[in-house]
Amino acid sequence: MEYKFQDIEKKWQDWWTANEIYKVSNDSAKPKYYVLDMFPYPSGKGLHVGHPLGYIASDIYARYKRLKGFNVLHPMGYDAFGLPAEQYAIEHGIHPAVSTKQNIENFRKQLDRIGFSFDWSRQVSTSEPSYYKWTQWIFLQLFKSFYNRQTKKAESIDSLIASFEKEGNSNHPIPNSQFLIPDSDASTFTADQWKMFTEKHQQDILMEYRLAYCGYGEVNWCEALGTVLANDEVINGVSERGGHPVVKKKLRQWYLRITEYADRLLGGLETVDFSEAMKEMQTNWIGKSYGAEIDFRIAGSDEKLRVFTTRPDTIFGVDFMVIAPEHELGSTITTAKHKDEVEQYLAWVKSRSERERMAEKTISGVFTGGYAVNPFDFREIPIYISEYVLAGYGTGAIMAVPSGDERDFKFAKHFNIDITNILGDKFNGEEANPTKDAELVNSNFLTGMLMRDAIKVVMNDIENLGYGKAKVNYKMRDAAFSRQRYWGEPFPIVWRNGIAYPLDETELPLELPNVENYKPGPEGEGPLANVKEWALIPIPSPSMEKGASVQQRLGDDAAGAKNFGAVPKYSVYTPMQYELAKNMRKNHTEAEDLLWQQLRNNNLGIKFRRQHPIDAYITDFIALQEKLIVEVDGGYHENEEQKLYDENRTNVLKEIGFAMIRFTNEEVIGNINSVLNKIKRELQKNKSQQKEVGSSQTPLSIHGEGLGVRETNTMPGYAGSSWYFLRYMDPHNNDEFCNKKASDYWNQVDVYVGGTEHAVGHLLYSRMWTKALFDLGYISFDEPYKKLLNQGMIQGSSRFVYRVVPHFYINDKLHQSRPLKKPLFVSYKFYKEIQEESDKHYTENYGYSPDKINVEAYTKILIQIESEEKEIFDGHAPDFSIQKLHVDVKLVDGVDLNMEAFRNSKPEYKNAVFICEDGRINAPLSIHGEGQGVRYICGTEVEKMSKSKFNTVDPSDLVDKYGADTFRMYEMFLGPVEQSKPWDTKGIEGVHRFLRKFWRLFYDEIKGKIWNEEKATGAELKVLHKAIKKIEEDTERFSYNTAVSAFMVCANELADLKCSKKEILEPLVIMLSSYAPHIAEELYHELHKASSTGGGLGEASVLDAAYPILNSAYLVESSKQYPISVNGKLRTTLNISLEASQQEVEEIVLGNDVVKKWLDGKTPKKVIFVKNKMVNVVV
RNA sequence: GCCCAUGUGGCGGAAUUGGUAGACGCGCCAGACUCAAAAUCUGGUUCUCGCAAGGGAGUGAAGGUUCGAUUCCUUUCGUGGGCACCA
């Protein structure tokens, strides 16, 4: 009976599916274990051997834990939103949902063949509405939360509002923001002020607190992709995907306030088992630094220049100050004399792209003419502007200490600024010394102090004297959370009059509409902005009625306003409200009628509307296009309360972009012409202002006034992946993102397997989401992943052929270089030979000189060329070059090119001629040179695995040829999971041989079944238990390559012992099942089916077997073959009892002939004896 | 430039705590089976001197600590990855 892996694998895969063997219950008495893979983006390219590596590693672990008695969650799904699907849609006109579905099916088919133990009933896909419903829901939770710095956790925004109403924002100052708030001088306010703010103003302020917020800031804009990118998606000034240039641009964007979590993200790293490299990367990305903010008075002014420094101890070494070009103080401190120069410099800086700035690090800057005053010694310090100071970090200004900082030093040298040496002889005047261990000199009261200690001293003084304060800074920025793209989660947000209203949770999911094309919308909006019927709210939205802020204002405002709703066409209030309002305003005054006549006559050439609703108000007259409102006071606007209400309403309308002009009844009736003139003037003024305003902060202006408009950006790729590990726990729940009981049971992911490429992206974001969900009480752990295992990349091993390209001459001139009619290839040896020779002789010229190079290959090639095309050199010295070409690895066996297959691979290679490794020629259809041992050897190189390099290997091919079990084991056998290593298909034979050998322990090709139920001997049990020990330990620590090797050793030893006993084989089968599940399942069933003792187990899966238990009694040895060294050099080995004492060992060893020989008659000084290890005789 | 990994036969790699360097597999060599080939099996395989017994060298390089170093320390070189004016 032979090992028919195809039949076996098919049979058991079907059986597993039919019996739902991998289905996991949330309800189990067993302890839980959660093994998670980073879910894949279902690309259209299909799998290569690198992709399943991590999945196999996790699968082995999941199966191992199941055998160990755990209830194991091991799910799989798809990260299905993203750019490539959309790009593909643009190019091929196929809807992303369709291509994504196809890709998923294709992926699944490939994965299924490898025999994973995924519970597919829990599959999730981020682009499914049933999934992104909850992504949107979590977004809303973030939107409705703020980070309470006092309790250090996320809390409901309602509690913040409550606190504002009670005490203003004194206890919750606005967190650091990258954005300019309208009316930004109102960064602190009292409870009374808060209550007086308009809704718009209040909401703008709340936006500065929300964990998910919309702001107007500098973003990485990629023109080619038509979207904004997060910082980690930009590498060296170009996009990570596609390498397109990226520029800084101010745009309206959504952000996650991840910076509030910086400290907890940092601290959490200590509680998780990530690799040091991974922790390091995240730590660097967060970039926490301790220092001080110090205020420097500006000479001759009341202004202060605030700088951030980590080295306050160097305060007496400050020789100049530098501010960023964008720094707001730049214009005030620049003196008249330097104005032109400064402006020129700023213009130059602006003209440079981010990329140029990064590429060339030239020293540039300009003196402002202004001086700052050192608070400690009152020295006046010149202030410069330079690019090297970044506006976004610290305060955008630095105190420069050229003796201690390299950049400051270079700057000082460049601008000839005198350098104060505060380091004494630790500073050589030629380069800065950033040490903290020098003794300070020239430093006033700090002189003689060690810098390290001085930091604390100065810090104290700074705080006590009020010069500044201790400050912690982070490199990390808030994460840009919106993309101007189609294929992503829509934001559950509706904009109206500049306010973002969250959708009600009952309205989720907000589904993506179908679109015709994927072009970006206007003003940097996403493609969804083109879908008017989706983006404009056609029907009243319950969320608008329910919006807390709306309710609140309606309640607080004057009673009359309550019922002033708006028609659905322009707003989202109910029709009922509108009717009510209209009725109340039925009785128009004389003045109103008079003005309406004039305006309707179209005297001004523009269209006015009467009694038109805007926001929650009804206006008297309005020019919609021109955004001008004209109000005539009726007879009932006299009491104070009404006036206040009017003012408030004027402000609100102003904020949403309308100018307001007010007349009294008397004015209108008394002098209607002057009133019309005033309106005319106002219209003109308004026009010119509107031009300046430019692009709006909200999508509102694009679509017209007063409309409710959906947010038309979509969420980035990392939105769905930030929480998917929770959805697996409760994937079909339609009422919650994940039931708390389920998340309490499954808890943290015990092992998370994936690549390092997500170190600062996905991993940080999902850690933040987890912390936020924890804070808000939805889950009970605040780190998602307990242990992270990073699999290495499998690199491709490329093969090359070397084509000879002769240079043709016609009429004394080099005509062209082209391959011969019968393309000529030389074997690697000759290529190398020629390469070396030519390198030796001609490092400057290309080409080869016949009179200098006299190598075998050269002659051979020439003979070959000349035999084909004699006129080729036209009397010139023969000349040619050699092209290195990628050849498909499928045409190569190891390094041996399959010449026949190569000829058939492309029409132009049909007549290819090879100069083979031994110098013989292999030409098509010629007997000459063909036959045994003619080999064409390819060159090899390790590169990234990619289709364009023809070095991809399709797992399906290997599964066809060797089976899934072999494939799985070989991927693991290749080397440590964490390490990157090149793929080499050749070695797979060895693993396949092992499985066949293992099979032969059970079945003989002729005799059939040979396994038996005889009692095992001590030697056999020793082999078994040695294997159990090694394999269990290795599996536990993910050292799969050595575990596979232990299986091999064990099989080899059992074969030597001719052992085919069930007592030995069954435990091995169970252990093997996590590595090679199919063969193990087959053998397990066979062992039980035909067994006299285990007949009842015939239909039990090996998956439900128990892991064998190590009995170390079988491993006990009575003696050991000790290595015996003399002076540390191994000379012999001796079998000595483990019982032997030091004295006995010494006697035996010193009595040994070999040892005696090496002692050469001398007496040993010492005999070192380590029990069970070694003996070393020291002379 | 800074930070972090990493360097072992022809190749992938092993040596878990400082204790016989090269497990296991590929490749290669020899042999068995075969008319022959493939497949399979058996043996050998770090380099070097030697017929052998046996010696010498050897974990990127140079030093050090130690009875003993692939393992720890210092310096240095190569490769891979991360960050890059972060004050």
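Look up: the structure comes first, before these words.
A brief structural summary.

Rules and cut-offs
Residues numbered from 1 in each chain as written. Chains lettered and ligands numbered in written order. Predicted model: local features only at pLDDT ≥ 70, side-chain atom pairs only at ≥ 80, totals over all residues. Heavy atoms only, no water. Helix = DSSP H or I, 4+ residues; strand = E, 2+ residues; numbered from the N terminus. Expected span 1.5 Å × (residues − 1). Buried < 20%, exposed > 50% of the residue type's maximum accessible area, 1.4 Å probe, protein only. Contact = heavy atoms within 4.5 Å. Salt bridge = Lys/Arg side-chain N within 4 Å of Asp/Glu carboxyl O. Near = heavy atom within 4 Å. Polar contact = N/O pair within 3.5 Å; in protein donor to acceptor, adjacent residues only side chain to side chain. Nonpolar A, V, L, I, M, F, W, Y, C, P; charged D, E, K, R; others polar. Phe/Tyr/Trp six-rings, centres within 6.5 Å; stacked < 30°, edge-to-face > 60°. Lys NZ or Arg CZ within 6 Å of the ring centre and 35° of its normal.

## Some thoughts on helix H35 (residues 1018-1036)
- The end-to-end C-alpha distance of H35, which contains 19 residues, comes to 27 Å, matching closely the 27 Å that a straight helix rising 1.5 Å per residue would cover.
- The set of residues buried in H35 consists of Glu1020, Leu1021, Val1023, Leu1024, His1025, Ala1027, Ile1028, Ile1031, Glu1032, Asp1034 and Thr1035.
- In the segment just after H35, phenylalanine 1038 is the residue with positive phi, at about 60°.

## So, the environment of methionine 969
- Following the sequence through the fold, methionine 969 ends up in helix H33 (residues 964-973).
- Each C-alpha atom, one on methionine 969 and one on phenylalanine 376, is 69 Å from the other, the two residues being 593 residues apart in sequence.
- Among all residues touching methionine 969, those that are not within four sequence positions of it are Val991, Phe994, Leu995, Val1044, Phe1047, Leu1072, Tyr1075 and Ala1076.

## Looking at the pattern of salt bridges
- Following the criterion strictly, the structure yields 43 salt bridges and no others.
- A salt bridge links lysine 200 to aspartate 204, with the nearest nitrogen and oxygen atoms 2.9 Å apart. Linking lysine 200 with aspartate 204, this pair stays in helix H8 (residues 199-207), spanning four residues, or about one helical turn. Exposure class is identical for lysine 200 and aspartate 204. Each is buried.
- The partner of arginine 311 in a salt bridge is aspartate 313, with the nearest N and O atoms 2.9 Å apart.
- Each of Arg264, Arg767, Lys771, Asp775, Asp782 and Glu783 takes part in a single network of salt bridges with overlapping partners.

## A closer look at the protein's contact with RNA strand B
- Neighbouring RNA strand B are 51 residues; Thr310, Arg407, Leu974, Arg993 and Met1048 lie closest to it.
- Here a phosphate oxygen of RNA strand B and a side-chain polar atom of glutamine 979 are 3.3 Å apart.
- The element contributing the most residues to the surface near RNA strand B is helix H36 (residues 1040-1057), with six residues.
- In the surface near RNA strand B, the residues fall into 19 nonpolar, 14 polar and 18 charged.

## Remarks on the packing of aromatic side chains
- Inspection of every chain in the model, using the stated rule, returns 80 aromatic pairs.
- Relative to tryptophan 120, the ring of tyrosine 78 has its centre 6.5 Å away and its plane inclined at 20°; by these criteria the two rings are stacked. On the criterion of sequence distance, the pair formed by tyrosine 78 in the loop between strand E2 (71-73) and helix H3 (83-92) and tryptophan 120 in the loop between helix H4 (96-112) and helix H5 (129-143) is long-range, its members being 42 residues apart. When sorted by exposure, tyrosine 78 lands in the same class as tryptophan 120, which is buried.
- Ring geometry for tyrosine 724 against tyrosine 728: centres 5.6 Å apart, planes inclined by 70°, an arrangement best described as edge-to-face. Comparing tyrosine 724 with tyrosine 728 shows no difference in burial state: the two are buried.
- Among the aromatic residues, those joined into a cluster by ring pairs are Tyr33, Tyr61, Tyr64, Phe70, Phe994, Phe998, Phe1002, Phe1038, Tyr1040, Phe1047, Tyr1075 and Tyr1107.
- Over the ring of phenylalanine 800 we find lysine 884, and its NZ or CZ is 4.6 Å from the ring centre.
- One residue, lysine 1009, lies across the ring of tryptophan 1011, its end atom 4.4 Å from the ring centre.

Nothing here speaks to function; it is all geometry.
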